Amino acid sequence: MDGEPADDTSFVRPFIITGGRAEPLRADLRLETLVVAVGAPDESLAFERRHIVAVCAQPTTVAEVAHRVGVPLGVAKVLISDLVAAGRLACRQPAELPLQMLERIRDHVRAL
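About the cut-offs
Residues numbered from 1 in each chain as written. Predicted model: local features only at pLDDT ≥ 70, side-chain atom pairs only at ≥ 80, totals over all residues. Heavy atoms only, no water. Helix = DSSP H or I, 4+ residues; strand = E, 2+ residues; numbered from the N terminus. Buried < 20%, exposed > 50% of the residue type's maximum accessible area, 1.4 Å probe, protein only. Contact = heavy atoms within 4.5 Å. Areas by Shrake-Rupley, 256 points an atom, 1.4 Å probe, with all protein chains shown as cover. Salt bridge = Lys/Arg side-chain N within 4 Å of Asp/Glu carboxyl O. Arc of directions from axis to C-beta. Core = buried A, V, L, I, M, F, W, Y, C linked by side-chain atoms within 4.5 Å.

### Points about the overall build of the protein chain
Stage number 1. Along the backbone of the protein chain there are 5 helices and 3 strands.
Stage number 2. Traced from its N-terminal end to its C-terminal end, the protein chain shows the element sequence α-β-α-β-α-α-β-α.
Stage number 3. When each of the 112 residues of the protein chain is scored for burial, the buried share is 35%.
Stage number 4. Taking the contacts inside the protein chain whose residues are at least 6 apart along the sequence as the reference set, 73% of them involve residues at least 24 apart.
Stage number 5. Element-wise, carbon and sulfur atoms account for 55% of the exposed surface of the protein chain, whose accessible area totals about 6900 Å².

The following block contains the structure:
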């Protein structure tokens, strides 16, 4: 091998998914922020964004969205903030997280 990455057509670089952006439009998205879809996903959304809206049919944390969609946390934050700005997702900060939820978030972050 000459050190070049293998030709894997299923891999999409994160900066392509986010349009080159590394910072989300919303600075208040935390790991435990709950996001929920406003309506059903449709064909007007790009693949990852459509997948996020589908995952958020039920309230889901930002960390869990990143895990379930299979993107880095920073990419998930950028995409989620774009979807909130477009009115496709709503988010809210939970007042206090139960210990079980904190443990699930920790486990998901470790899995990333």
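### Some words on the side chain of His-108
Stage number 1. Within the element layout of this structure, His-108 appears in helix H5 (residues 99-111).
Stage number 2. Judged by relative accessible area, which is 17%, His-108 ranks as buried.
Stage number 3. Setting aside anything within four residues of it in sequence, one finds His-108 in contact with Ala-63, Glu-64 and His-67.

### Quick look at the pattern of salt bridges
Any two side chains of opposite charge can pair, given that their charged atoms come close.
Stage number 1. On inspection of all chains with the given rule, the structure shows 7 salt bridges.
Stage number 2. When the shortest N-O distance is used, the salt bridge between Arg-88 and Asp-42 registers 3.2 Å. Here Arg-88, found in the loop between helix H4 (73-85) and strand E3 (89-92), pairs with Asp-42, found in the loop between strand E1 (34-37) and helix H2 (47-55); they are 46 residues apart in sequence, far enough to count as distant.
Stage number 3. By relative accessible area, Arg-88 is classed as buried at 15%.
Stage number 4. Of the charged contacts, one joins Arg-49 and Asp-82 as a salt bridge, the two residues approaching to 3.3 Å between their closest N and O atoms. With Arg-49 in helix H2 and Asp-82 in helix H4, this pair connects stretches of sequence that are 33 residues apart. As far as burial versus exposure is concerned, Arg-49 and Asp-82 are alike and both buried.
Stage number 5. The network of salt bridges with shared partners includes Glu-64, Arg-68 and Arg-104.

### Here we look at the environment of Ile-52
Stage number 1. Along the chain, Ile-52 turns up in helix H2.
Stage number 2. For the pair formed by Ile-52 and Ala-66, sequence separation is 14 residues and the distance between their alpha carbons is 8.6 Å.
Stage number 3. Apart from residues lying up to four places away in sequence, Ile-52 is in contact with Val-65, Val-69, Leu-79, Ile-80, Leu-83 and Leu-89.

### Concerning the environment of Val-36
Stage number 1. Within the secondary structure, Val-36 sits in strand E1.
Stage number 2. The residues touching Val-36, leaving out its near neighbours within four places in the chain, are Cys-56, Ala-57, Gln-58, Pro-59, Arg-88, Leu-89 and Ala-90.

### Some details on H2
Stage number 1. Within the sequence span of H2, burial applies to Glu-48, Arg-49, Ile-52, Val-53 and Val-55. Along H2, the residues classed as buried sweep out an arc of 160° about the axis, all on the same side.

### So, the nonpolar core
Soluble globular proteins: nonpolar side chains tend toward being buried together.
Stage number 1. Ile-52, Cys-56, Val-65, Ile-80 and Leu-89 are the most contacted members of the largest nonpolar core, which has 20 residues in total.
Stage number 2. Taken together, the elements giving at least two residues each to this core come down to E1, H2, helix H3 (62-69) and H4.
Stage number 3. Broken down by element, the residue count for this core peaks at 6 residues, all from H4.

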